[in-house]
Amino acid sequence: MKQRITFIQRVDAGFDPQQAVLTASSLSVRGLDAAREDRITVGLDELPEEFRAVLEQSHELHLRWASERSFDAVAPFSSRVSPGLHVHYTPLESDSSSEALCTLLRKVVAPNKDAQYKDCSKQEVFYDHSFPFEGTTWLCSACVRSDPETAVQNSFITPPLRSTQFASSASLQYYTYLPSIQSLVRYIQTTVWDHSRADGPECHTRADALLSADSVDIDYDSISHALTVSGLWTSPPTGGWTDQFQKPESAADQIEFGLLGADAGLEPEEIKMGGLLAVVGHDKKLKPTMFSFPSRHQPLTEPSTYTVSFAPPTGLHPTMSISMPRSSLRRPPAPSDATCALHTYLTLPSTIFGDQYQLATTDTLFLESNNLVALRALAGEMDLEAPDWVVQRWGSNWLLELATPRETEDATTTPDPSNWTATIPLHLRYLPPSETGHRTAHIPWPVVFWACTAEDDTKMGVNPFDRTNLGWDSLFGPRTLFYQLQPAGDRLVEEVDVPVLRLEGGDGYFRGKYIEFGTCIVISLGFLWVLWRLACVAWSSGVGNKRTKGVHDKKE
Amino acid sequence: MTLFDSPARVFLAAAALRLVLLVYGGWQDAHSAVKYTDIDYMVFTDAARYVAKGESPYARDTYRYTPLLAWMLVPTAWEGAAPWSTLSFAFGKVLFALSDVLAGWLVVQLLVRCYRFPVERALRYVAAVWLWNPMVANISTRGSSEGLLGVLVAALLWATLTKKPILAGLILGLAVHFKIYPFIYGVSILWWWDAERDGSAMVGSGLLSKALGFVTPSRVKFTVAALASFVALNLVMYLQYGQPFLHHTFFHHLTRIDHRHNFSPYSTLLYLSAAGGAETRFEALAFLPQLILVVVALPLVLAKKSLATAMLAQTFTFVTFNKVCTSQYFLWYLILLPFYLPSSSLIRKPALGISAAILWIAGQALWLHQGYNLEFLGLSSFVPGLFLAGLFFFAVNVWILGIVVRDGGDGGEITVAEK
């Protein structure tokens, strides 16, 4: 097991050498004002059987979880995903079942009662008999198969994205709304590192700490045969970080420590870092260091924010608005030969969807009125008619290029104080009945970023803080630089009220029975009324030809 | 009024109305993000583009029609410079609008030749109900294919009343291939075309001779022609496009769960049961009242008395008792209204006619108000709002249907066989 603890201090943060003390057997930090990333790498053979079985069936498994609390990303950890749990999975054999992973996910997610959770499984659609009332679990099935070929074919992109760009993306993708990773932490504590191990208690504390993390990544691939768990805290707890790291008991284990600051590199695609490094129990003192590396994820030099909202009333066709101050929309400091475009990547749960034909339009009037440039890629559930309970996949992903204000507007002497707003028309699926007549759809804020693509097609060099498999990164060329805008809001999940059929249990006024019998009685009465009228006609004049009028069959 | 003296003027005005709407539609599409063109037309033209490239029209999601439609619209896929592309895009709309006018012309012909209407009177009714009806012109110029159904039904009635059994059969086969529901007319026409109308010899009164007498040459020709054209069209389409053709053109309509709110009285029940909340399965029997009336009772009692009124009553019943109903379905019976209205008690007794119109509109308004609350304001108006509005609208329709049935029994049709 290897641990890497990285503290990133802002340029203006104070540091006193007494705050980080290295001894022969431990390292302690005190009141450190910094962002922190903990990365733990575990070999496959160190894992419990149940978990190992899942990984052994995987070619690649990447979990990305982000908190719905707003946080300031810090270089080099400036990449973002929408709040919730994202799973990118490639099974070892393309036709092998993902059932083992799904069982695991069910434990990790532990869906609440009534949560709009699409179970990741191959089960048939199943309904609890107590259906529209409380205690319902939504057991549907299957992860999104975002087949690169289909994704390209369905996206109506001109020019089409090159399929080689998808080489690094996983074949199966899954997302679920997950405000807290409590059950993941519990799973790690009870199954992965139980108390019987020597380092059990310490791992418990480490796992508990994940509860306050802003984002958590779990990675596995069959080449390294190692599992990596990373937690990121972008701001310190009150009073700063105070912690102690003991030299590991086993010689095979290792703790690396870094206290670093990040700055812009010499080249626009580089990040320069400097500070102190040490391997606990191995190094005698903290070693000063300075290094720089190319990074696909770059910080924006000027603060750039966006907010997401749905203008009320949302009805059944809510429109997502992404608003940015115009000052947020200056071209990022990318190399001058790179082409930069503003993008948004939507992660829509199955309760809400876009109409691919509406959004893939080339009609400039529609695009301009919404401040969109084009739909660049889409994957997942595209059905325009199905109710949510029929939909088996978790939802869909949309990559849209957003328009930016024209340069001329920037040149005006007085800056325009109004926001620049892009709008995306969406639609709600029918949801099952509820007692109140309403249900809530949880829609994570999309990520908004600049993608600056250089002509050069060489691979981005690896760096110790690189982050891939975010869903949207694989839709761009390997040398693309990403500059994230900062979501500005208390909660990065929108709740949209969905009107549904109101049904009450017990002796309530709104009962399914009334609808059933009401419809049946009214239809039957209507049917009998028409039959009665027909009987009257048949009684008085039979079913044959009318012979009352003499003109019949007379010829002119 | 001199306007109605001249068929040319009436038809020119109808064509002018459509031309104005076409030009206006083109202008709105080019200048507004809110399009005049119907979303369905985009589906048709996308499908036509696939067909033009030699691919299946079913490559377009939600294309649920015969490939014939996509074939007919292939010119819309022709690319060209600016004015030409606009014109070629409008090809389908022009086709639908021309079908409208042609349908109106056929109805006028029938009213004059078979119903002995003075030309002016025929023009007056057809103009009011169909040719000058802004709703009809709007639907076809927005690019909805319902206008094609209008011309097929009008042609079917024309071929039947002018005693052309083979032609009538071929048209029926085509119409059913296009949109399943016209099969209901087959029953009425078969029952109507008895020995007396056929002009063949009357037979004796024995059971066997009666049974044999039912088999008139016209009935045989009509049935064989209808089956032949229906089977041939489906065979060609199946060979060309395989299973997706059968699935999207036919099976989809039989297996869909119409859980979304619509005018049908079943709509709330279908939502409830699709979501698994219903204890009984009444909706599984919904086809019974609908088909008993449409396929058995209405043709049997009314077809021989007044074929057009029987067909109107069938369509009206089919739409009223259907599990799904949207406003385009109302167009299905509009084309048959000019045959029924002139002699109906709705016209003879203005109070009755006005009450029927007011109640029908009130039913629509109530439903649309609830629908607006749900769709745009997000209010949970499924119960009681939409549920009761749907049932009220159903009740109004059934009441009007009762009037149509009574009129069909005693008012009516005076047809003159063509020599």
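This one's a predicted model, so the numbers in the text were calculated from it and none came from an experiment.

Calculation notes
Residues numbered from 1 in each chain as written. Chains lettered and ligands numbered in written order. Predicted model: local features only at pLDDT ≥ 70, side-chain atom pairs only at ≥ 80, totals over all residues. Heavy atoms only, no water. Helix = DSSP H or I, 4+ residues; strand = E, 2+ residues; numbered from the N terminus. Rg over C-alpha atoms; globule rule 2.2 N^0.38 Å. Buried < 20%, exposed > 50% of the residue type's maximum accessible area, 1.4 Å probe, protein only. Areas by Shrake-Rupley, 256 points an atom, 1.4 Å probe, with all protein chains shown as cover. Core = buried A, V, L, I, M, F, W, Y, C linked by side-chain atoms within 4.5 Å. Contact = heavy atoms within 4.5 Å. Axes fitted to C-alpha atoms, helices over the stretch in contact; angles between N-to-C directions. Parallel < 35°, antiparallel > 145°, perpendicular 65-115°, else oblique. Left-handed = near helix turned anticlockwise from the far one by under 90°. Nonpolar A, V, L, I, M, F, W, Y, C, P; charged D, E, K, R; others polar. Pairing = 2+ DSSP bridges. Polar contact = N/O pair within 3.5 Å; in protein donor to acceptor, adjacent residues only side chain to side chain. Disulfide = S-S within 2.5 Å. UniProt positions renumbered as here; feature names shortened; annotations may be inferred. Phe/Tyr/Trp six-rings, centres within 6.5 Å; stacked < 30°, edge-to-face > 60°. Lys NZ or Arg CZ within 6 Å of the ring centre and 35° of its normal. Buried area = accessible area lost by both parts, 1.4 Å probe. Salt bridge = Lys/Arg side-chain N within 4 Å of Asp/Glu carboxyl O. Expected span 1.5 Å × (residues − 1). pLDDT = per-residue confidence, 0-100. 1 Å grid on protein atoms, 1.4 Å probe; cavity = no way out; pocket = protein on both sides within 12 Å on 5 of 7 lines; lining within 4 Å. Points joined across faces, edges and corners; volume = space filled by probe spheres on them.

Asks: Help me out: how do you make sense of the overall build of chain B in this one?
Replies: Secondary structure summary: chain B contains 22 helices and zero strands in total. Taking 419 residues into account, the globule formula puts the C-alpha radius of gyration at 22 Å, and chain B, at 22 Å, falls close to it. In terms of its C-alpha atoms, chain B occupies a principal-axis envelope of roughly 65 × 55 × 55 Å. In chain B, which comprises 419 residues, the proportion classed as buried is 58%. For chain B, the accessible area works out to roughly 16900 Å², and carbon and sulfur atoms hold 72% of it.

Asks: Please clarify how the nonpolar core should be interpreted in this entry.
Replies: As a rule of thumb, soluble globular proteins bury nonpolar side chains together. If you look at the biggest cluster of nonpolar residues, it comprises 187 residues, and the most contacted ones within it are Met324 of chain A together with Tyr185 of chain B. The element that contributes the greatest number of residues to this core is helix α22 (residues 382-410) of chain B, accounting for 15 residues. Apart from residues no more than four positions distant in its own chain, methionine 324 of chain A is found in contact with Thr305, Tyr306, Leu329, Leu342, Leu402, Asn419, Trp420, Val448 and Leu485 of chain A. Listed in part, the 56 residues of the second largest apolar core include Ile181, Val185, Trp241 and Val280 of chain A.

Asks: Sorry, what's going on with the packing of helix α1 (residues 7-31) of chain B against helix α5 (residues 91-113) of chain B here?
Replies: What describes two packed helices is the angle between their axes and the distance between those same axes. Residues and elements named next belong to chain B. Running from N to C, α1 and α5 point in directions that differ by 160°, and their axes come no closer than 11 Å. Classified by the angle their axes make, α1 and α5 are roughly antiparallel. Between α1 and α5 the crossing geometry is right-handed. In this structure, α1 contributes Phe11, Arg18, Leu22 and Asp29 to the contact, and α5 contributes Lys93, Val94, Ala97, Asp100, Val101, Gly104, Trp105 and Val108. The residue makeup of the contact of α1 with α5, split by class, is seven nonpolar, one polar and four charged.

Asks: Is there a simple way to explain the sheet that holds strand β2 (residues 20-22) of chain A in this structure?
Replies: All names here are of chain A. The sheet built from three strands is open, its strands ordered β2-β3-β11 with antiparallel pairing. Edge positions in the sheet fall to β2 and β11 (241-246), since each of these pairs with one other strand and no more. Within the sheet, the average angular offset between the axes of one strand and its neighbour, ignoring direction, is 5°. Note that β2 and strand β3 (residues 26-32) share three bridges and pair antiparallel. Considered in β3, the bridge of alanine 20 is made with valine 29.

Asks: Sorry if this is basic, but what is going on with the side chain of histidine 261 of chain B here?
Replies: Here histidine 261 of chain B lies in the loop between α14 (243-255) and α15 (267-274). Exposure remark for histidine 261 of chain B: the relative accessible area of 14% places this residue in the buried category. Polar contacts involving the side chain of histidine 261 of chain B include one to the side chain of tyrosine 430 of chain A, which spans 2.4 Å. Side-chain polar atoms of histidine 261 of chain B contact the side chain of glutamate 375 of chain B, separated by 2.7 Å. Residues in contact with histidine 261 of chain B, not counting those within four places in the same chain, are Leu316 and Tyr430 of chain A together with Ser267, Trp367, Leu374, Glu375, Phe382 and Leu386 of chain B.

Asks: Looking at this model, I keep getting lost on the state of the cysteines. Mind explaining?
Replies: Cysteine pairs can be covalently joined through their sulfur atoms, and such a bond is termed a disulfide. All names here are of chain A. Scanning the model with the defined rule gives one disulfide over all chains in all. At a sulfur-sulfur separation of 2.1 Å, the disulfide partner of cysteine 340 is cysteine 452. With the S-S dihedral at roughly 115°, the linkage between cysteine 340 and cysteine 452 falls on the right-handed side. Highlighted residues: cysteine 340 in strand β18 (residues 339-349) and cysteine 452 in strand β25 (residues 447-453), separated in sequence by 112 residues.

Asks: Honestly, the UniProt feature "transmembrane region" (unreviewed entry) in chain A in this entry has me stumped. Any pointers?
Replies: In this structure's numbering, the residues bearing the UniProt feature "transmembrane region" (unreviewed entry) are residues 514-532 of chain A. Helix and strand shares over residues 514-532 of chain A are 100% and 0% respectively, and the end C-alpha atoms of the span are 26 Å apart.

Asks: How should I be thinking about the packing of aromatic side chains in this particular structure?
Replies: The description of two aromatic rings rests on the distance between their centres and on the angle between their planes. Considering all chains together, one arrives at 50 aromatic pairs over all chains under this definition. A ring pair is formed by tryptophan 193 of chain B and phenylalanine 222 of chain B, whose centres lie 6.1 Å apart and whose planes are at 45°; its orientation type is tilted. In this pair, tryptophan 193 of chain B sits in the loop between α10 (183-192) and α11 (195-198) while phenylalanine 222 of chain B sits in helix α13 (residues 217-241), placing the two residues 29 residues apart along the sequence. An aromatic cluster is defined as three or more aromatic residues linked by ring pairs; in this entry it consists of Tyr41, Phe44, Tyr58, Tyr63, Tyr65, Trp71, Phe89, Phe96 and Tyr241 of chain B. The cationic tip of arginine 80 of chain A hangs over the ring face of phenylalanine 71 of chain A; the distance from NZ or CZ to the ring centre is 4.7 Å.

Asks: Could you clarify how one ought to interpret the UniProt feature "transmembrane region" (unreviewed entry) in chain B in this entry?
Replies: Residues and elements named next belong to chain B. With numbering matched to this structure, UniProt assigns "transmembrane region" (unreviewed entry) to residues 168-193, 222-241, 284-303, 351-369 and 376-400. Strand forms 0% of residues 222-241 and helix 100%; the C-alpha atoms that close the span are 28 Å apart. End C-alpha atoms of residues 351-369 are separated by 26 Å, and the span's content is 100% helix alongside 0% strand.

Asks: Would you explain the interface of chain B and chain A in this entry?
Replies: Reports often express the size of an interface as the amount of accessible area lost when the parts come together. The interface of chain B with chain A comprises 75 residues on the first partner and 68 residues on the second. Across the interface of chain B and chain A, roughly 6000 Å² is buried in total on both sides, 66% from carbon and sulfur atoms. Three residues, Arg260, Tyr271 and Lys305 of chain B, lead the burial of chain B against chain A; their summed loss comes to 10% of the area buried on that side. Our enumeration of links across chain B and chain A arrives at two salt bridges. Salt-bridge contacts for glutamate 385 of chain A lead to arginine 64 of chain B; the nearest nitrogen and oxygen are separated by 3.2 Å.

Asks: Would you mind going over α1 of chain B with me for this structure?
Replies: Because the α-helix completes a turn every 3.6 residues, residues three or four places apart line up on one side. Counted at 1.5 Å a residue, the expected span for α1 of chain B with its 25 residues is 36 Å, and the 36 Å between its end C-alpha atoms agrees. Among all positions in α1 of chain B, only Val10, Phe11, Ala14, Arg18, Leu21, Leu22, Gly25, Gln28 and Asp29 of chain B are buried. On its buried side, α1 of chain B packs onto α7 (364-369) of chain A together with α5, α6 (119-131) and α7 (134-141) of chain B.

Asks: Looking at this structure, how should I read the environment of leucine 170 of chain B?
Replies: Mapped onto the elements of the fold, leucine 170 of chain B is located in helix α9 (residues 165-178). Through-space distance from the C-alpha of leucine 170 of chain B to that of arginine 121 of chain B is 31 Å; in sequence the pair is 49 residues apart.

Asks: Would you mind going over the sheet that holds strand β27 (residues 486-487) of chain A with me for this structure?
Replies: Residue and element names in this part refer to chain A. Spatial ordering of the open sheet is given by β22-β17-β16-β27, a layout of four strands whose pairing is mixed. Two strands lie at the open edges of the sheet, namely β22 (419-425) and β27, each paired on one side alone. Where strand β16 (residues 305-310) lies against strand β17 (residues 319-325), four bridges are found, and the strand directions are antiparallel. Residue pairing for β17: valine 308 is matched across the bridge by isoleucine 322.

Asks: Explanation requested: the confidence of the model for chain A in the structure shown.
Replies: Predicted coordinates in areas of low pLDDT are best not read in detail. Residue and element names in this part refer to chain A. Of the residues in chain A, 82% reach a pLDDT of 70 or more, and the chain-wide mean stands at 80. Low pLDDT (under 50) marks residues 122-168, which in the prediction has 112 contacts with non-local residues, meaning those over four places away or in another chain. The low-confidence segment residues 548-556, where pLDDT is below 50, has eight contacts with residues more than four positions distant or belonging to other chains.

Asks: What exactly am I supposed to notice about empty space enclosed by the protein here?
Replies: Here the idea is plain: a probe the size of a water molecule rolls over the atoms and shows the empty space left. Residues and elements named next belong to chain A. Evaluated as defined, the whole model comprises 15 cavities of 30 Å³ or more. Here the second largest cavity is characterised by a volume of approximately 140 Å³. Looking at the second largest cavity, it is lined by 15 residues, and the ones nearest its centre are Phe51, Val108, Leu184, Tyr187 and Ile218. Every element with two or more residues in the lining of the second largest cavity is listed here: β5 (58-66), α2 (99-109), α4 (182-192) and β10 (226-233). Partitioning the lining of the second largest cavity into residue classes produces 15 nonpolar, no polar and no charged.

Asks: In this structure, what is going on with the pattern of salt bridges? I would like to understand it.
Replies: Between side chains of opposite charge, pairing is possible as soon as their charged atoms come close. Residue and element names in this part refer to chain A. The final tally for this structure, using the stated rule, is 28 salt bridges over all chains. A salt bridge links glutamate 504 to arginine 502, with the nearest nitrogen and oxygen atoms 2.9 Å apart. Under the relative-accessibility criterion, arginine 502 is labelled partly exposed at 28%.

Asks: Looking at this model, I keep getting lost on the pairing of β10 of chain A. Mind explaining?
Replies: Successive residues of a regular strand alternate their side chains across the two faces of the sheet. All names here are of chain A. β10 sits mainly inside the fold: eight of its eight residues count as buried. Burial along β10 is two-sided: Ala226, Thr228, Ser230 and Leu232 and Leu227, Val229, Gly231 and Trp233, pointing in opposite directions, are all buried. Pairing of strand β4 (residues 35-43) with β10, which is carried by eight bridges, proceeds in the antiparallel orientation. Bridge assignment links threonine 41 to a residue of β10, and that residue is threonine 228. By the bridge criterion, seven bridges tie strand β9 (residues 215-221) to β10 in an arrangement that is antiparallel. Note that in β10 the partner of valine 216 across the bridge is glycine 231. Counting the residues in the hairpin turn of β9 and β10 gives four residues, including histidine 225, whose phi is positive at 55°.

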